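# Observations on chain architecture
In case you want the letters, here they are:
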Amino acid sequence: MRQVHRWAWRCGLVAAFITAAPAAHAQGHVVLTPKLDWQLAAQLAQEAVRACAAQGYSVTATVVDTSGHQQAVIKGDSVPLQSLSVSYRKAYTAFAYGAAFNMNTTSELIAAKVTGPANGALNTIPEVLFVPGGVTLRRVADNAVLGGIGVSGAPGGEKDEACAQAAVAKYRAEFR
């Protein structure tokens, strides 16, 4: 009986601790996750494609939301087939690893030699791609991660990333 009482007391203590812990984005049992709306996600992707087109590059731009899923994709008129999956993977990597390591681009992740755990297991996840061209999307007020944008198709990842950054710069004030 005494063991049951101790167990109940410990469970009660744990339950009290859990309910006392602040829920940053929760109301009751519903978790609210910040992300861009579809209109702004589409504008970002469109602007990245436009920025590259102005330089003569046909690219694909993908925006992922805070679940890591594609939210908006704009494909240029003459991009190679692989640019669709590569732009998604760059966006996913910028989102997931940007959030985990507090960095803002796939180039920053590469420069910091961020490749996951020492055994390289995360590098085998199909969505992860450490190539320049991805930018982490962050809310203006508190720097919370809102997703990622990835661009693929220009002759070099640094050119892809510049187009993604141009789009983010244009719309950053709306990341509220």
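Rules behind the numbers
- Residues numbered from 1 in each chain as written.
- Predicted model: local features only at pLDDT ≥ 70, side-chain atom pairs only at ≥ 80, totals over all residues.
- Heavy atoms only, no water.
- Helix = DSSP H or I, 4+ residues; strand = E, 2+ residues; numbered from the N terminus.
- Contact = heavy atoms within 4.5 Å.
- Salt bridge = Lys/Arg side-chain N within 4 Å of Asp/Glu carboxyl O.
- Buried < 20%, exposed > 50% of the residue type's maximum accessible area, 1.4 Å probe, protein only.
- Pairing = 2+ DSSP bridges.
- Expected span 1.5 Å × (residues − 1).
- Lys, Arg positive; Asp, Glu negative; His and termini not counted.
- Polar contact = N/O pair within 3.5 Å; in protein donor to acceptor, adjacent residues only side chain to side chain.
- Disulfide = S-S within 2.5 Å.

## As for the environment of Glu 174
With respect to the helices and strands, the residue Glu 174 is situated in the segment after helix H5 (157-171). Residues Glu 174 and Leu 36 lie 138 residues apart in sequence; the distance between their C-alpha atoms is 9.1 Å. Sequence-distant contacts of Glu 174, defined by excluding residues within four places in its chain, comprise Leu 40 and Gln 43.

## What to know about the pattern of salt bridges
A complete count under the given rule lists 6 salt bridges for this structure. Close ionic contact of Lys 170 with Glu 47 constitutes a salt bridge, the shortest N to O distance being 3.2 Å. Residue Lys 170 is located in helix H5, and its partner Glu 47 is located in helix H2 (residues 38-53); the two are separated by 123 residues in the primary sequence. On the basis of relative accessible area, Lys 170 is assigned to the partly exposed category, the value being 49%. Between Lys 159 and Glu 158 there is a salt bridge whose closest N-O contact spans 3.4 Å. Here the residues in one salt-bridge network are Glu 47, Arg 50 and Lys 170, joined through shared partners.

## Here's the deal with the pairing of strand E4 (residues 70-75)
Of the pairings in the sheet, the one linking strand E3 (residues 60-64) to E4 comprises 5 bridges and is antiparallel in character. Of the residues in E4, the one forming a bridge with Val 64 is Gln 70. Hairpin connection of E3 to E4: 5 residues between the antiparallel strands, including Gly 68 at a positive phi of 85 degrees.

## Digging into the pairing of strand E6 (residues 145-152)
Judged by how many residues are buried, E6 sits mostly within the fold: 8 of 8 residues are covered. Here E3 runs beside E6; their pairing, made up of 5 bridges, is antiparallel. Its bridge partner lying in E6, Val 63 is registered against Ile 149. Alignment of strand E5 (residues 134-138) against E6, held across 5 bridges, turns out to be antiparallel. Paired with Val 135 across the bridge in E6 is Ile 149. Between E5 and E6, which pair antiparallel and follow one another directly, the connecting turn spans 6 residues, one of which, Asn 143, has a positive phi of 70 degrees.

## As for H2
When the terminal C-alpha atoms of H2 are compared, their 22 Å separation across 16 residues agrees well with the 22 Å that a helix rising 1.5 Å per residue should span. Regarding H2, the residues found buried are Leu 40, Ala 41, Leu 44, Ala 45, Glu 47, Ala 48, Val 49, Ala 51 and Cys 52. Residues of H2 that are buried make contact with E3, E4, E5, E6 and H5.

## Quick look at the side chain of Arg 138
Relative to the assigned elements, Arg 138 resides in strand E5. One buried charge, Arg 138, has no salt-bridge partner; the nearest side chain with opposite charge is Glu 108, at 7.2 Å. For Arg 138, the side chain forms a polar contact with the main-chain oxygen of Gly 98, separated by 3.0 Å. Only 3.2 Å separates the side chain of Arg 138 from the backbone oxygen of Asn 143, close enough to count as a polar contact. In this view, Arg 138 contacts Gly 98, Ala 99, Asn 102, Met 103, Asn 104, Asn 143, Ala 144, Val 145, Leu 146, Arg 172 and Phe 175; residues no more than four positions away in its chain are not counted.

## A closer look at the state of the cysteines
Enumeration over the complete set of coordinates arrives at 1 disulfide. The disulfide that involves Cys 52 links it to Cys 163, with 2.0 Å between the sulfurs. What sets the handedness of the Cys 52 and Cys 163 disulfide is the S-S torsion sign, and at about 110 degrees it is right-handed. Here Cys 52 is found in helix H2, whereas its partner Cys 163 is found in helix H5, with 111 residues between them in sequence. Accessibility classification places Cys 52 together with Cys 163 in one group, the buried group.

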